[in-house]
Amino acid sequence: MWLGPEEVLAAHALWVTERANPFFVLQRRRGHGKGGGLTGLLVGTLDVVLDSSARVAPYRILHQTQNAQAYWTVACGSSRKEITKHWEWLENNLLQTLSIFDNEEDITTFIKGKIHGIIAEENKNRQPQGEDDPGKFKEAELKMRKQFGMPGGEKLVNYYSCSYWKGRVPRQGWLYLTVNHLCFYSFLLGREVSLVVQWVDVTRLEKNATLLFPESIRVATRDQELFFSMFLSIGETFRLMEQLANRAVRQLLDSEGFPEAAAPPRPGRPHRSISALKRDLDARAKNECYQATFRLPRDELLDGHTGCTLWTPFNKLHIPGQMFLSNNYICFASKEEDACHLIIPLREVTIVEKADSSSVLPSPLSISTKSKMTFLFANLRDRDFLVQRISDFLQKTPSKQPSGCIGERKPSAADPAPESPSAPQEVWEQPTSPIATLSGHHSFCAQEAPTASQGLLKLFQRNTSMEVLGAKGAKEKMKEESWNIHFFEYGRGMCMYRTAKTRELVLKGIPESLRGELWLLFSGAWNEMVTHPGYYAELVEKSRGKYSLATEEIERDLHRSMPEHPAFQNELGIAALRRVLTAYAFRNPTIGYCQAMNIVTSVLLLYGSEEEAFWLLVALCERMLPDYYNTRVVGALVDQGIFEELTRDFLPQLSEKMQALGVISSISLSWFLTLFLSVMPFESAVVIVDCFFYEGIKVVLQVALAILDANMEQLLGCSDEGEAMTILGRYLDNVVNKQSVSPPIPHLHALLTSGDDPPAEVDVFELLKVSYEKFSSLRADDLEQMRFKQRLKVIQSLEDTAKRSVVRAIPGDVGFSLEELEDLYVLFKAKHLASQYWGSSRVAAGRRDPSLPYLEQYRIDASQFRDLFASLAPWACGSHTPVLAGRMFRLLDENRDSLINFKEFVLGMSGMYHGDLTEKLKVLYKLHLPPALRSEEAESAQEATCYFTEDSSSEASPLASDLDLFLPWEAQETPQPEEQEETGNGGVQDKRAEERGTSPPDYRHYLRLWAKEKEAQKETIKDLPKMNQEQFIELCKTLYNMFSEDAMEQDLYHAIATVASLLLRIGEVGKKFSARAGRRPRDGAGSGEHDGAPDGEKPPVPEPHQEPDRELQPLAAGDPQAKAGGDTHLGKVPQESQVVGEGGRGEGQGSPSQFLSDDETKDDLSMSSYSVVSTGSLQCEDLADDTVLVGGEAAARCGGAVDTDWCISFEQILASVLTESVLVNFFEKRVDMGLKAKDQNKVERQLSTSSDHEPSGVSG
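If you're wondering where the values come from, they're calculated on a predicted model, not measured in any experiment.

Reading the values: rules and limits
Residues numbered from 1 in each chain as written. Predicted model: local features only at pLDDT ≥ 70, side-chain atom pairs only at ≥ 80, totals over all residues. Heavy atoms only, no water. Helix = DSSP H or I, 4+ residues; strand = E, 2+ residues; numbered from the N terminus. Buried < 20%, exposed > 50% of the residue type's maximum accessible area, 1.4 Å probe, protein only. Areas by Shrake-Rupley, 256 points an atom, 1.4 Å probe, with all protein chains shown as cover. Pairing = 2+ DSSP bridges. Axes fitted to C-alpha atoms, helices over the stretch in contact; angles between N-to-C directions. Contact = heavy atoms within 4.5 Å. pLDDT = per-residue confidence, 0-100. Core = buried A, V, L, I, M, F, W, Y, C linked by side-chain atoms within 4.5 Å. Salt bridge = Lys/Arg side-chain N within 4 Å of Asp/Glu carboxyl O. Parallel < 35°, antiparallel > 145°, perpendicular 65-115°, else oblique. Left-handed = near helix turned anticlockwise from the far one by under 90°. Nonpolar A, V, L, I, M, F, W, Y, C, P; charged D, E, K, R; others polar. Expected span 1.5 Å × (residues − 1). Polar contact = N/O pair within 3.5 Å; in protein donor to acceptor, adjacent residues only side chain to side chain. Arc of directions from axis to C-beta. Phe/Tyr/Trp six-rings, centres within 6.5 Å; stacked < 30°, edge-to-face > 60°. Lys NZ or Arg CZ within 6 Å of the ring centre and 35° of its normal.

### Considering the overall build of the chain
Link 1 in the chain: Scanning the chain for helices and strands turns up 57 helices and 24 strands.
Link 2 in the chain: With 1260 residues in all, the chain has 55% of them scored as buried.
Link 3 in the chain: With an accessible surface of roughly 54,700 Å², the chain has 52% of that area assigned to carbon and sulfur atoms.

Here it is as structure tokens:
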């Protein structure tokens, strides 16, 4: 490659000059190529340790002048061919021009300009837009690809110098972190270490410091543990490794790809030593932290942040902190965690102005909102730029302006205060009407309007005055007054100052009249609701009348959702719950519906309108409890792992006991998934939900630890899990809220666990107070770190479970051991993931749907199967292997979706590896019949599709059992419904009804046939269709290629030539006997008459014979019609096949050389075995080119067409092969699949290798 000219002083140190002229020198790195000796070892070690570019580019061209001492690099190359190309270009294009110049400085200037011009032209043509990686990084990426054999699609993120500990010896080298792999390379004095680990295989990643490994990073997989140390910046390296590993396991979880994710904005002034991907990952990490800290929507992108101070009027202080700016929000976070948090939506901003600077208040900025609040920021470093950015974002905000007016009405909307009872109805009149009209439940339409505008609790709670409630009422009134004072001092709505005082009020309990409003604010759900007006109503409309698995589960659970509460004992509450859950399932089909969502949603509906409950559910499922509500409840399992870890840290004595009893896994899911709502009295659990919306999952973990701590003595004395669960259940049943003004709701769980001596009541506020006192050291960023660590463990555990489930789903008669099946599964999965990493011809193959059954989650397409077939198949066919692989793929792809799952793959491998000679030959025979062998003839293809559609819909697998051998022709009795499905004609309902009407008798019929088949298994090979001449020639070619790499090559060639000649003669003799009898039926077929069809059923199918000469007599007695057409297995419909085939005219006139040179053409010209006379006019290749296969028959048939009357049966092929012992030995030879799979695993995964370095490759 051409290089920007750089000065080189010691041009001959470590380099050898190979060619030179007056202006240029071509050099080779010492030690590269032949020889090298000790010098080569030393130079190679220096190149690795110093990260020299010579390791990847051992050739270079320098520009020189006669009198100057300095040299200039102009080109480098990884091979002699590449550098020679550049050298020749310089000699041909520059030498003559340079000889004109008189001044050496002018020569150097001219060469520099010319080289820079070439590089600019190349970059303009090659580099995609926006690619701004520095040259040094590009060079490192080139090294990585060359060293580890990575494709161009694998992007390097960053690389670091470090040591890998191999045993107790550190190996200094370079760690390359790519999007999908961790790679390490070291070369020290002849010892080479090369490592490649896929991020999806990492089970543990942690930074630790021990006596043996000082401040190291530990990377663990299922097979090995790797330690890396001596980093210049271990913190940065570890953070990047965490991001990459986290992205990889999230891909396993939800198929969220790296390129498809919305890219965060790049910084304006990129750092020259960092790749674009590294910057993107850093920006993405900051973005996620920003969204989590301020509970913002997931599509909010951080634009930048700067240090500043914020004037807080409630305590008259300037609080230092950071201002964050994104496209829709200005946020502030104080340096002290609880001092102050602030969120200002740009939709609320009215004025942004720069105030006058002073020594007391430098660079102030004032922001005013519609709610008459003014925020004063100061000490802004780049105030003018910040104001410009805010102005730019404000100009884009008017498109969302309608949502701002809803924000203004916020207090009256969510605060149904007694002083203004008409306010809620007035504000929500417009949003209410569409939802009310959407409800399709009889006479409830009129009553559902209030449901859409306020919480169900308001409708079903008795209007008891505060005076009647006594002390409880007074306490509730005091809470409301405290919050009103807080709103007056700190502001109300989204722009409220959030401080330690806010947390104190939340811990003391939110009054019921404010609960819905504050839940919306603290969770961030309000932001999404006001920026998506009408979205919920639209979802309800779209999802109405739609049925799916999710809606069925929702209907099943509706009446189990807080059945003890009066709001859900009637159709009004049930209908609202149904609409919210169905709308969410429609919004997020990945989650759909999960158990426990109904319990949480029913509580949300008690305190908010349907729309508010919907957006609170969105905040819960998608931000606050990520991955909780999916089919595998991964998020809950992750937090369960965190809970176990925290128990070990805070309650070590109890931890061992709980692990021994297995209690934590039982309790944590029910506690976390429902936020204690299903295990604690409702009025108590809702107080914990208050704190959860303000603090997040931290509160739930703290309370869980406090519950265990309170019951420690009793739990330590337990003897089994049941006893421990009873103790905890009774404790939770007696957690009470003595301040609740709502009438007590009977707790169903309490009825099941009540005993003679109930434990003392526990005040929920006291429980919260204890949890904060003892366990408040938990920090949000620490919890995120723990979540990452546990997510690795949980998802890898789920992947192991998936592997075991898939392996168990494989039939026991495949012949592979459990270990071999697991090795095959690892290979299969790696091939699928490779397509996901580096692109695939089919999106379906590259993307994985975790909601599918385990067996269907990983599937591969034809190109991926071709790679696996080439490396694993026991039959090596050289250049013919891809053709054979394509045929095998088509045979295995039963549903014709161009994808196969692991079970189909294993059955295909089993057919080649296991079974006797007959079974293996049967597989080979089928590979040369449709659908494996494609046909160019339209008529033949239609017939084959018809028959094989029946075949694939009935059989379990083409290789699984003998049942598949006779189902195709038995299924011909009722082909019409299947044909309708293939063509897409006719009503779907009619087809289903027809299928339902005919299925039961068909199943019984097949079962009877299957029973008969099991009684006489030896006769099943008769039911294989006969093979015509062209298919037989294809089979011979495959065998010829198959033997080319065998030790007994010559003996096998001789044997197959003998067998092929014998079979050709058998076919010729059979044709002579059938020709006379075949004329009459063929004429009948041409006229469309079917009278002769029943005759085809009468003659018996000939038995296989060991001696070919004796076979002639049974052939003569065979079915005349079938012999004429080349097919006997379709005895019931030969005439029909003839009619279809007679109209066909072959159009493929291929030359012999063309036919033999192009494997794909061979496939396309192959004939369907189900077509009787459609091949009549198709030309075949000159068989003289296949003399070794056909022997003496070749000369007689030179230049002729494919003989459509010629056919051969499987029995005849089997009998002929049995006459040659060398062929029998070849097919009965055992091949160890386990060794092949392990070897391929090493190639695919490139596991750790350490080998003596060859001197000839020191620098390459």
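Further notes follow.
### Overview of the sheet that holds strand 18 (residues 365-369)
Link 1 in the chain: One open sheet accounts for seven strands, arranged 16-15-14-13-19-18-17; its pairing is antiparallel. In the strand order of this sheet, the two ends are held by strand 16 (341-345) and strand 17 (349-354), each with one partner. Along the sheet, successive strands turn relative to each other by an average axial angle of 30°, direction set aside.
Link 2 in the chain: Of the strand pairs in this sheet, strand 13 (residues 302-312) and strand 19 (residues 374-378) are connected by two bridges, and their pairing is antiparallel. The residue of strand 19 that forms the bridge with Thr-309 is Ala-378.
Link 3 in the chain: Here helix 7 (residues 276-294) sits on the sheet and contacts strand 13, strand 14 (317-326), strand 15 (329-334) and strand 16; the angle it forms with strand 15, its principal contact strand, is near 80°.

### Topic: the confidence of the model for the chain
Link 1 in the chain: On average, the chain scores 74 in pLDDT, and the residues at 70 or more come to 68%.
Link 2 in the chain: Scored below 50 in pLDDT, residues 255-272 shows 39 contacts in the model against residues more than four places distant or in partner chains.
Link 3 in the chain: Scored below 50 in pLDDT, residues 1080-1200 makes 243 contacts in the model with residues more than four places away or belonging to other chains.

### A word on the nonpolar core
Link 1 in the chain: In terms of nonpolar packing, the biggest core is built from 155 residues, with Phe-377, Tyr-629, Trp-671 and Phe-676 touching the most fellow members.
Link 2 in the chain: For Tyr-629, the contacting residues outside a window of four places in its chain are Ile-591, Cys-594, Gln-595, Ala-596, Met-597, Val-600, Cys-621 and Leu-673.
Link 3 in the chain: Counting 116 residues, the second-largest nonpolar core is a separate cluster that includes Val-197, Leu-244, Leu-1024 and Leu-1064.

### Regarding the pattern of salt bridges
In a structure, side chains of opposite charge can pair up when their charged atoms sit close to one another.
Link 1 in the chain: Scanning the entire structure with this criterion turns up 38 salt bridges.
Link 2 in the chain: Among the ionic pairs, Glu-512 bridges to Arg-515, the shortest N-O distance being 3.8 Å. Summarising the burial analysis for this pair, Glu-512 and Arg-515 share the class buried.
Link 3 in the chain: The closest approach of N and O atoms between Asp-781 and Arg-779, which form a salt bridge, is 3.5 Å.
Link 4 in the chain: For Arg-779, a relative accessible area of 39% puts it in the partly exposed group.
Link 5 in the chain: When salt bridges that share partners are traced, they join Arg-204, Glu-206, Arg-218 and Glu-225 into one network.

### Structural notes on unusual backbone geometry
Link 1 in the chain: Between Pro-930 and the following residue, Pro-931, the backbone shows a cis peptide bond with an omega angle of 5°.
Link 2 in the chain: In this fold, Pro-931 is placed in the loop between helix 41 (917-926) and helix 42 (938-954).
Link 3 in the chain: For Lys-372, which is not glycine, the phi dihedral falls at a positive 65°.
Link 4 in the chain: Of note, Lys-372 is situated in the loop between strand 18 and strand 19.
Link 5 in the chain: One non-glycine residue, Phe-676, lies in positive phi territory at about 70°.
Link 6 in the chain: The topology assignment puts Phe-676 in the loop between helix 27 (664-673) and helix 28 (682-695).

### Re the packing of helix 25 (residues 634-650) against helix 34 (residues 780-809)
What describes two packed helices is the angle between their axes and the distance between those same axes.
Link 1 in the chain: Running from N to C, helix 25 and helix 34 point in directions that differ by 120°, and their axes come no closer than 8 Å. Here helix 34 runs oblique to helix 25, going by the angle between their axes. When the axes of helix 25 and helix 34 are compared, the crossing they make is right-handed. In this structure, helix 25 uses Val-634, Leu-637, Val-638, Asp-639, Gly-641, Ile-642, Glu-645 and Leu-646 to contact helix 34, whose residues at the interface are Leu-783, Met-786, Arg-787, Lys-789, Gln-790, Arg-791, Val-794, Ile-795 and Leu-798.
Link 2 in the chain: The residue makeup of the contact of helix 25 with helix 34, split by class, is ten nonpolar, two polar and five charged.

### A closer look at helix 46 (residues 1029-1042)
Link 1 in the chain: An ideal rise of 1.5 Å per residue puts 20 Å on 14 residues; helix 46 measures up with 20 Å between its terminal C-alpha atoms.
Link 2 in the chain: The element helix 46 is largely enclosed, with a buried count of 13 among its 14 residues.
Link 3 in the chain: Of the residues flanking the start of helix 46, the one acting as N-cap is Asn-1028, its side-chain oxygen 3.2 Å from the backbone nitrogen of Glu-1030.

### Quick look at the packing of helix 29 (residues 697-710) against helix 31 (residues 721-733)
Link 1 in the chain: Contact geometry for helix 29 and helix 31: axes closest at 11 Å, N-to-C directions at 115°. The orientation of helix 29 with respect to helix 31, classified from their angle, is roughly perpendicular. Judged by the sense of rotation from one axis to the other, the crossing of helix 29 with helix 31 is right-handed. Residue-level inspection shows Ile-707, Leu-708 and Ala-710 of helix 29 in contact with helix 31, the latter providing Leu-728, Tyr-731 and Leu-732.
Link 2 in the chain: Looking at the contact of helix 29 with helix 31 residue by residue, the classes come out as six nonpolar, no polar and no charged.

### A few points about helix 17 (residues 500-508)
Link 1 in the chain: Of all the positions in helix 17, only Thr-502, Arg-503, Leu-505 and Val-506 are classed as buried. Projected down its long axis, helix 17 carries its buried residues within an arc of 160°, all on one side.
Link 2 in the chain: Buried residues belonging to helix 17 abut helix 16 (471-490), helix 18 (515-523), helix 28, helix 29 and helix 33 (764-775).
Link 3 in the chain: Two or three places before Lys-501, at the opening of helix 17, Thr-499 has a side-chain oxygen 3.2 Å from that residue's backbone nitrogen.
Link 4 in the chain: Looking one or two residues beyond helix 17, the residue adopting positive phi is Gly-509, at roughly 110°.

### Examining the sheet that holds strand 4 (residues 59-63)
Link 1 in the chain: Spatial strand order, 1-5-4-3-2: five strands in an open sheet with antiparallel pairing. On the outer flanks of this sheet lie strand 1 (2-8) and strand 2 (15-20), each paired with one strand and no other. Averaged over all pairs of adjacent strands, the angle between strand axes in this sheet comes to 30°, irrespective of strand direction.
Link 2 in the chain: Pairing geometry for strand 2 and strand 3 (residues 24-29), over five bridges, is antiparallel. Looking across to strand 3, one finds that Thr-17 is bridged to Gln-27.

### Some points on the packing of aromatic side chains
Link 1 in the chain: Under the counting rule described, the total for this entry stands at 46 aromatic pairs.
Link 2 in the chain: Here the aromatic rings of Tyr-290 and Phe-294 are separated by 5.7 Å at their centres, their planes lie at 65°, and the arrangement is edge-to-face. Of this pair, Tyr-290 and Phe-294 both sit in helix 7, separated by four residues, roughly a single helical turn.
Link 3 in the chain: On the accessibility criterion, Tyr-290 (2% relative accessible area) is buried.
Link 4 in the chain: Judged by centre distance (5.4 Å) and plane angle (70°), the ring pair of Phe-314 and Tyr-497 falls under edge-to-face. On the criterion of sequence distance, the pair formed by Phe-314 in the loop between strand 13 and strand 14 and Tyr-497 in the loop between helix 16 and helix 17 is long-range, its members being 183 residues apart.
Link 5 in the chain: Phe-314 sits in the partly exposed class, given a relative accessible area of 21%.
Link 6 in the chain: An aromatic cluster is defined as three or more aromatic residues linked by ring pairs; in this entry it consists of Tyr-825, Phe-828, Tyr-858, Phe-865, Phe-869, Phe-889, Phe-902 and Phe-905.
Link 7 in the chain: In this arrangement the basic side chain of Arg-60 is found over the ring face of Trp-15, its NZ or CZ atom lying 4.0 Å from the centre.
Link 8 in the chain: The lysine or arginine in question, Lys-112, covers the ring of Trp-72, its NZ or CZ lying 3.5 Å from the ring centre.

### A few points about the environment of Lys-155
Link 1 in the chain: Within the secondary structure, Lys-155 is located in the loop between helix 5 (135-148) and strand 6 (156-166).
Link 2 in the chain: Owing to a relative accessible area of 39%, Lys-155 belongs among the partly exposed residues under this scheme.
Link 3 in the chain: Put simply, Lys-155 and Leu-177 are 22 residues apart on the chain and 9.0 Å apart in space, counted from C-alpha to C-alpha.
Link 4 in the chain: Those residues within four positions of Lys-155 in sequence are excluded, and the remaining contacts are Glu-141, Arg-145, Thr-178, Val-179 and Leu-277.

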